[in-house]
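Residue-level listing of the chains:
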Amino acid sequence: MSTTNTTTSRGAHQHWSSRWAFILAATGSAVGLGNIWKFPYITGENGGGAFVLVYLLCIAAVGLPILMAEVLLGRKGGRSPIASMRELVKQHNASSGWISIGAIGTIAAFLILSFYSVIGGWAISYVGSSISGEFVGKDSDAIGGLFGAMLGNPTSLLFWHSVFMITVIFIVARGVKAGLEKAVTYLMPALFVLLVIMMIYAMTTSGFAQGASFLFTPDFSKLSTEGVLTALGHAFFTLSLGMGVMMAYGSYLDDNISIAKTSITVGLMDTVVALVAGLAIFPIVFANGMEPSSGPGLIFVSLPLAFGSMSLGSLIGTLFFTLLVFAALTSAISLLEPSVEWLEERSGFTRITATIFAGAAVWALGILSILSLNLWSDVHPLGMFAAFEGKTIFDLLDYLTANIMLPLAGLLAALYVGWIMKKEDVAAELAMDSTRFNLFWNTVRYITPVAVIIVFIYNLL
Ligand code: PFF
């Protein structure tokens with residue numbers, strides 16, 4: 001098959017210039033705050049090694065098969081996620097209920113972006129703090145105090161959240177795929193190199209052995225069932241699954257490119273970034289007598305502490321938080337896209353108008369997350385249900401999307417590929433040797449759905 005789009009069943013849009021362009025864009029979406037901010041802090045909250053092991057299992061047995069399933073559905077449909085599913089449902093004579101795969105994802109992406117942007121705002125604010133040398137010579141209490149003061153100030157949170165969202169709106173409205181693709185080509189490797197530098201620094205601290213053992217020595221007594229659900233939810237979140245993003249990206253992928261190889265590469269890069277981030281962060285946490293379970297503030301306290309005491313710390317800190325902002329932006333852009341596309345289709349708005357409307361709605365919803373960090377920190381809207389006890393609006397948005405909506409949409413994608421599509425069609429699309437294909441086929445039909453359903457039911461009980 002040629003590199004231009006000639007097949008009639010496929011939409012008439014452009015394709016990635018190469019396998020690497022797809023890998024980079026998909027990795028740009030996958031690698032974000034989830035890897036560097038969320039993975040370390042949920043690992044800390046869930047006791048370390050056992051959680052990491054379950055998370056890795058979830059990536060291999062659930063995340064990768066669903067990533068392949070979503071890319072495959074996108075490439076076969078050749079259009080936006082909802083339109084692709086509509087087309088496929090017609091081809092396969094399946095129920096139109098399957099189109100909900102696209103709808104759940106669009107709503108989840110919208111909700112996630114509303115708080116993702118607030119965290120992106122923290123990262124921008126920390127670029128400023130690094131430049132002005134605010135961390136230099138401070139101890140962990142003082143640095144914890146800076147973080148607490150930021151959370152306690154709704155006006156400044158709103159300001160940084162607005163800066164982040166305006167940047168996202170600007171990029172998405174212009175649809176600068178080429179610019180973004182190019183930027184990601186340099187920024188993602190740079191972020192990785194900086195993380196490795198941080199890890200090397202962490203190796204020189206007295207907490208390295210303890211940090212590494214915290215990450216890699218499983219102690220199952222520390223893992224709760226909610227922890228298992230968190231691990232599963234995070235596998236979806238970190239690989240950008242259940243949101244139609246990988247379907248949309250898959251629709252620009254040429255037929256001659258291996259879905260399996262590219263998906264495995266994306267999954268591996270995402271996992272390596274998360275583990276290196278863990279190895280960079282936990283040693284510093286232990287060396288300074290901090291708690292690994294301190295929650296969402298973990299990297300915003302532990303890393304500034306390291307920057308404050310190392311030579312060239314302000315420079316490295318500035319670079320680190322700048323790259324974190326870029327990693328967050330490349331993910332945030334992919335989160336806004338589904339709502340924009342939907343508004344364009346539905347309302348006939350131009351791309352710019354649709355982006356401004358969708359972006360403004362996300363921005364407004366973000367205000368609720370901001371308030372739940374300070375003025376509304378005691379507001380627990382669903383507190384009457386045991387599962388949601390003590391959860392603020394911010395916590396709820398995170399919980400409902402990562403732990404319920406994404407796994408549900410991902411489960412439906414796996415079921416569609418495994419049970420609605422014909423085996424020969426899937427085999428033809430994947431073009432793997434038969435042993436590997438059978439492994440994929442059995443995983444996507446049985447192991448993946450059963451794993452997701454068991455975790456769901458267990459959690460309900
Ligand atoms: N995968 C991103 C991260 O780990 O930060 C977050 C994300 C981006 C989730 C895009 C979903 C998505 F569609």
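Definitions and limits used
Positions within a chain are numbered from 1, following the residues in the order the chain's sequence is written. Only residues with pLDDT of 70 or above have their local features reported here, since the model is predicted, and side-chain atom pairs are shown and tallied only from 80 upward, although totals for entire chains, interfaces and linings are computed over all residues. Neither water nor hydrogens contribute to the side-chain values; these are computed over all heavy atoms in the structure. Only DSSP runs of H or I reaching four residues or more are called helices, and only runs of E reaching two or more are called strands; each is numbered from the N terminus. Relative accessibility under 20% of the residue-type maximum defines a buried residue, over 50% an exposed one, and the middle range a partly exposed one, all with a 1.4 Å probe and only protein chains included. Between two residues, a contact is recorded if the distance between any of their heavy atoms is within 4.5 Å. In these tables, accessible area is a Shrake-Rupley quantity obtained with a 1.4 Å probe, and a residue counts as shielded only by the protein chains included in the view. Residues scored as positive are Lys and Arg, those scored as negative are Asp and Glu, and His as well as the terminal groups of each chain are ignored. Charged side chains are reduced to one point each, which is NZ for Lys, CZ for Arg, CG for Asp and CD for Glu. Cavity and pocket criteria rest on a 1 Å grid covering protein atoms alone: a 1.4 Å probe that fits but cannot get out defines a cavity, protein on both sides within 12 Å along at least 5 of 7 lines defines an open pocket, and an atom within 4 Å of a point defines a lining residue. Grid points are joined across faces, edges and corners, and a volume is the space filled by probe spheres set on the points. Nonpolar residues are Ala, Val, Leu, Ile, Met, Phe, Trp, Tyr, Cys and Pro. Charged residues are Asp, Glu, Lys and Arg, and all others, Gly as well, are polar. Nearness is defined per residue: one heavy atom within 4 Å of the molecule or strand is enough. N or O atoms within 3.5 Å of each other form a polar contact, as long as, within protein, one can give a hydrogen and the other can take it, and as long as residues adjacent in sequence are counted only when both atoms are side-chain atoms. More than half of a molecule's atoms within 2 Å of the grid points is what it takes for that molecule to sit in a cavity or pocket. Every axis corresponds to a line fitted to the C-alpha atoms, with the helix fit spanning only the stretch in contact, and the corresponding angles, defined between N-to-C directions, vary from 0 to 180 degrees. Angle categories are assigned with fixed cut-offs, so that under 35 degrees is roughly parallel, over 145 is roughly antiparallel, 65 to 115 is roughly perpendicular, and the rest are oblique. By definition, any crossing whose near helix is turned counterclockwise from its far helix by less than a right angle is left-handed, and any crossing with a clockwise turn is right-handed. Definition used in this section: a nonpolar core is a set of buried Ala, Val, Leu, Ile, Met, Phe, Trp, Tyr and Cys residues joined via side-chain atoms within 4.5 Å.

S.K.: A description of the overall build of the protein should follow, citing residues and the corresponding values.
M.R.: A count of helical and extended segments in the protein gives 18 helices and zero strands. Taken along the three principal axes of its C-alpha coordinates, the protein extends 65 × 50 × 45 Å. Scored against the burial criterion, the 461 residues of the protein give a buried share of 57%. Long-range pairs, those at least 24 residues apart, make up 80% of the contacts in the protein between residues at least 6 apart in sequence. As displayed, the protein has an accessible area near 18100 Å², and 67% of this comes from carbon and sulfur atoms. Separation of charge centres in the protein, based on 21 positive and 25 negative side chains, amounts to 11 Å.

S.K.: Could you give an account of empty space enclosed by the protein, naming the residues involved and the relevant values?
M.R.: Tallied over the full model, the rule gives five cavities of 30 Å³ or more. Breaking the lining of the largest cavity down by element, the ones donating at least two residues are helix H1 (19-30), helix H2 (33-45), helix H5 (100-131), helix H10 (225-238) and helix H14 (313-347). Its residues placed into classes, the lining of the largest cavity shows eight nonpolar, seven polar and no charged. In this model, the second largest cavity occupies a volume close to 80 Å³. What lines the second largest cavity is Ser 80, Pro 81, Ile 82, Gly 102, Thr 106, Met 243, Gly 244, Pro 338, Glu 341, Trp 342 and Glu 345. At the level of secondary structure, the elements contributing two or more residues to the lining of the second largest cavity comprise helix H4 (81-91), H5 and H14. By residue number, the principal contributor to the lining of the second largest cavity is H14, which donates four residues. Tallied by class, residues from the lining of the second largest cavity come to five nonpolar, four polar and two charged.

S.K.: Could you give an account of the site of the ligand, naming the residues involved and the relevant values?
M.R.: In the vicinity of the ligand, 15 residues are found, and the nearest of them are Ala 30, Gly 34, Tyr 116, Phe 237 and Val 245. Contacts to the ligand include Tyr 116, whose side-chain N or O atom sits 2.5 Å from an oxygen atom. Here Thr 238 contributes a backbone N or O atom positioned 3.2 Å from a nitrogen atom of the ligand. Most atoms of the ligand, that is more than half of them, are within 2 Å of grid points of the largest cavity. Counting only elements with at least two residues in the shell around the ligand, the list comes to H1, H2, H10 and H14. Looking at the shell around the ligand, its residues break down into seven nonpolar, eight polar and no charged.

S.K.: An account of the packing of H1 against helix H12 (residues 259-287) is needed here, citing residue identities and associated values.
M.R.: For the pair H1 and H12, interaxial distance at closest approach is 9 Å and the crossing angle is 40°. Looking at the two axes, H1 sits oblique to H12. Like other packed secondary-structure pairs, H1 and H12 cross with a definite hand, here right-handed. Between H1 and H12, the residues in contact are Arg 19, Trp 20, Phe 22, Ile 23, Ala 26, Thr 27 and Ala 30 and Lys 261, Thr 262, Thr 265, Val 266, Met 269 and Asp 270, respectively. A class-by-class count of the residues in the contact of H1 with H12 yields seven nonpolar, three polar and three charged.

S.K.: With reference to specific residues and values, describe unusual backbone geometry.
M.R.: Phi is positive for Asn 93, which is not a glycine, with a value near 55°. Its location among the elements puts Asn 93 in the loop between H4 and H5. The class of Asn 93 is exposed, set by a relative accessible area of 73%. At Ala 431, a position not held by glycine, the phi torsion is positive, near 45°. With respect to the helices, strands and loops of the structure, Ala 431 is situated in the loop between helix H17 (423-430) and helix H18 (434-460). Taking the relative accessible area as the measure of exposure, Ala 431 reaches 64% and is therefore exposed.

S.K.: Account for the side chain of Ser 125, with residues named and values stated.
M.R.: Mapped onto the secondary structure, Ser 125 falls in helix H5. If we ignore the near neighbours within four places in the chain, the residues touching Ser 125 are Met 150 and Trp 160.

S.K.: With reference to specific residues and values, describe the nonpolar core.
M.R.: By size, the foremost hydrophobic cluster in this structure holds 163 residues, and its most contacted members are Trp 122 and Tyr 416. Beyond its immediate chain neighbours, meaning those up to four positions away, Trp 122 contacts Trp 37, Phe 147, Met 150, Leu 151, Leu 157, Pro 296, Phe 300 and Leu 373.

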